[in-house]
Amino acid sequence: MLGEAEPQWLSEEVKTGTTIIAIEFNGGVVLGSDSRVSAGSSVVNRVMNKLSPLHDKIYCALSGSAADAQTIAEMVNYQLDVHSMEIGEDPLVRSAATLVRNISYKYKEELSANLIVAGWDRRGGGQVFATLKGLLTRQPFAVGGSGSSYVYGFVDAEYRKGMSKEECQQFVVNTLSLAMNRDGSSGGVAYLVTIDEHCTEEKVILGNDLPTFFDQ
């Protein structure tokens, strides 16, 4: 009826959740994410791949609103394709991260998304960039999403400079497994992407195959 107040749930912000991570190794990067998409207390997708390609050797890990994050990734993917044709070579990872930063800042009032950009290029090798609104910073590793708050202590304690590709892959898998176990908004399977000069390797680890820890 006219004049009735709308239900509270219509005006409440929908809480989302995820766990994303990226880490540099000598010659490349490893990205990882869980696969659960949630809206409040409901799981709306159990197996979404949150590692989106921006170019052949540049990926981004998505968190925040799934629709907003995917929109940014698709916009950057298109712009990088055009940029690559203009310069006649593959784009730089920093160029991709700068595009993500610019779009995120320009539409900061309309979009709710936080992307980690990582990849390999001929100048800088493996690189990881954290982007948030107007922020752009290169880091040896970055974590994001609701699950990250459960694993900051773990990644700070376990990260070592100069880890090999295999050690970085295990580091990502362990971090995701711990976050998915503690965070109700993270779960499903673990997606991994490993990028170096020679190839881009994608991998899926089922929930039953993730490592277990003492309290599981």
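The chain has the name Proteasome subunit beta in an unreviewed UniProt entry, where Ataeniobius toweri is given as its organism. We quote the UniProt Subunit (unreviewed entry) comment for the chain here in full: "Component of the proteasome complex." In UniProt, the chain has this text filed under Catalytic activity (unreviewed entry): "Cleavage of peptide bonds with very broad specificity."

Colleague: Give a description of empty space enclosed by the protein that names residues and reports values.
Modeller: One pass over the structure, following the stated rule, counts two cavities of 30 Å³ or more. Among the elements of the structure, strand 3 (37–39), strand 6 (58–64) and helix 2 (66–87) are those that each provide at least two residues to the lining of the largest cavity. At three residues, strand 6 tops the list of elements feeding residues into the lining of the largest cavity. If you trace the second largest cavity, you find it lined by S104, Y107, K108, L111, S112, A113 and K133. Looking at the lining of the second largest cavity residue by residue, the classes come out as three nonpolar, two polar and two charged.

Colleague: I'd like a description of the side chain of D68, backed by residues and values.
Modeller: Among the secondary structure elements, D68 is positioned in helix 2. For D68, a relative accessible area of 16% puts it in the buried group. Once residues lying within four places of it in the same chain are set aside, the contact partners of D68 are E110, L111, S112 and A113.

Colleague: If you had to explain the nonpolar core to someone new, which residues and values would you point to?
Modeller: Of all hydrophobic cores here, the largest spans 22 residues; its most connected members are L54, I72, V76, L115 and V117. Looking at this core element by element, the count peaks at six residues for helix 3 (residues 93–106). The contact partners of V76, leaving out residues within four places of it in the chain, are L54, A96, L99, V100 and I103.

Calculation criteria
- Residues numbered from 1 in each chain as written.
- Predicted model: local features only at pLDDT ≥ 70, side-chain atom pairs only at ≥ 80, totals over all residues.
- Heavy atoms only, no water.
- UniProt positions renumbered as here; feature names shortened; annotations may be inferred.
- 1 Å grid on protein atoms, 1.4 Å probe; cavity = no way out; pocket = protein on both sides within 12 Å on 5 of 7 lines; lining within 4 Å.
- Points joined across faces, edges and corners; volume = space filled by probe spheres on them.
- Helix = DSSP H or I, 4+ residues; strand = E, 2+ residues; numbered from the N terminus.
- Nonpolar A, V, L, I, M, F, W, Y, C, P; charged D, E, K, R; others polar.
- Buried < 20%, exposed > 50% of the residue type's maximum accessible area, 1.4 Å probe, protein only.
- Contact = heavy atoms within 4.5 Å.
- Core = buried A, V, L, I, M, F, W, Y, C linked by side-chain atoms within 4.5 Å.

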